[in-house]
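A closer look at the structure
Chain by chain, the residues:
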Amino acid sequence: MWARLGNVKRAEYALILRREFANGARGELGESAQVKKSVCASIGAPAWRDYVCESFCDAAAFLYAGVDRHDSFTLAERWIRRRRFWFEQTFQTRRTC
């Protein structure tokens, strides 16, 4: 899904994460995203792109899998709400490939 999302939407999601970083948000919505986040020394690093993709995938799984609680869901609710809003706005209409 990430590959077909398009550059504009990927950049929008990355901006959400940049804002989280700027505001000191800790935690993530999955272990794999948390690991990628922990190696991001700077936002411009190649590791940043990997983190953004992994975060998107873990956030989508969190939002659509129907699982409310898990030890790897460590992101604060205020950040979850912002991601949820972006997903709802981005995917409110059916998309074609």
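Sequence order as written defines the numbering, with residues in each chain counted from 1. The predicted origin of the model limits local features to residues at a pLDDT of at least 70 and limits the giving and counting of side-chain atom pairs to 80 or more, whereas totals for whole chains, interfaces and linings rest on all residues. As a rule here, side-chain values come from all non-hydrogen atoms in the structure, and water together with hydrogens is ignored.

**A look at the packing of aromatic side chains**
Working definition: rings of Phe, Tyr and Trp (its six-membered ring) pair if their centres are within 6.5 Å, and the pair is stacked with planes under 30 degrees apart, edge-to-face with planes over 60 apart, and tilted otherwise. Considering all chains together, one arrives at 15 aromatic pairs under this definition. Ring plane angle 85 degrees and centroid distance 5.6 Å describe the contact between Tyr 13 and Phe 56, whose orientation is recorded as edge-to-face. One end of the pair, Tyr 13, is in helix α2 (residues 7-22); the other, Phe 56, is in helix α4 (residues 46-64), and 43 residues separate them in sequence. Grouping residues by exposure puts Tyr 13 and Phe 56 together as buried. Helix and strand definitions here come from DSSP, where helices need a minimum of 4 consecutive H or I residues and strands a minimum of 2 consecutive E residues; each element is numbered from the N-terminal end. Note on exposure labels: buried denotes an accessible area under 20% of the residue type's maximum, exposed denotes more than 50%, and partly exposed covers the range between, all computed with a 1.4 Å probe on protein chains only.

**Comments concerning the packing of α4 against helix α5 (residues 77-90)**
Relative orientation of the contacting elements α4 and α5 amounts to 85 degrees, with a least axis distance of 11 Å. Relative to α5, the element α4 is oriented roughly perpendicular. Taking contact as the criterion, the partners of Tyr 51, Ser 55, Phe 56, Ala 59, Ala 60, Phe 62, Leu 63 and Tyr 64 in α4 are, on α5, Ile 80, Arg 83, Arg 84, Trp 86 and Phe 87. Any residue outside Ala, Val, Leu, Ile, Met, Phe, Trp, Tyr, Cys, Pro, Asp, Glu, Lys and Arg is labelled polar, Gly included; the first ten of those are nonpolar and the last four are charged. Here the residues of the contact of α4 with α5 are counted per class, giving 10 nonpolar, 1 polar and 2 charged. Every angle, taken between N-to-C directions, lies between 0 and 180 degrees, and every axis is a line fitted to C-alpha atoms, over only the stretch in contact when it is a helix. Roughly parallel here means an angle under 35 degrees, roughly antiparallel means over 145, roughly perpendicular means 65 to 115, and every remaining angle is called oblique. Every residue pair with non-hydrogen atoms within 4.5 Å of one another is taken to be in contact.

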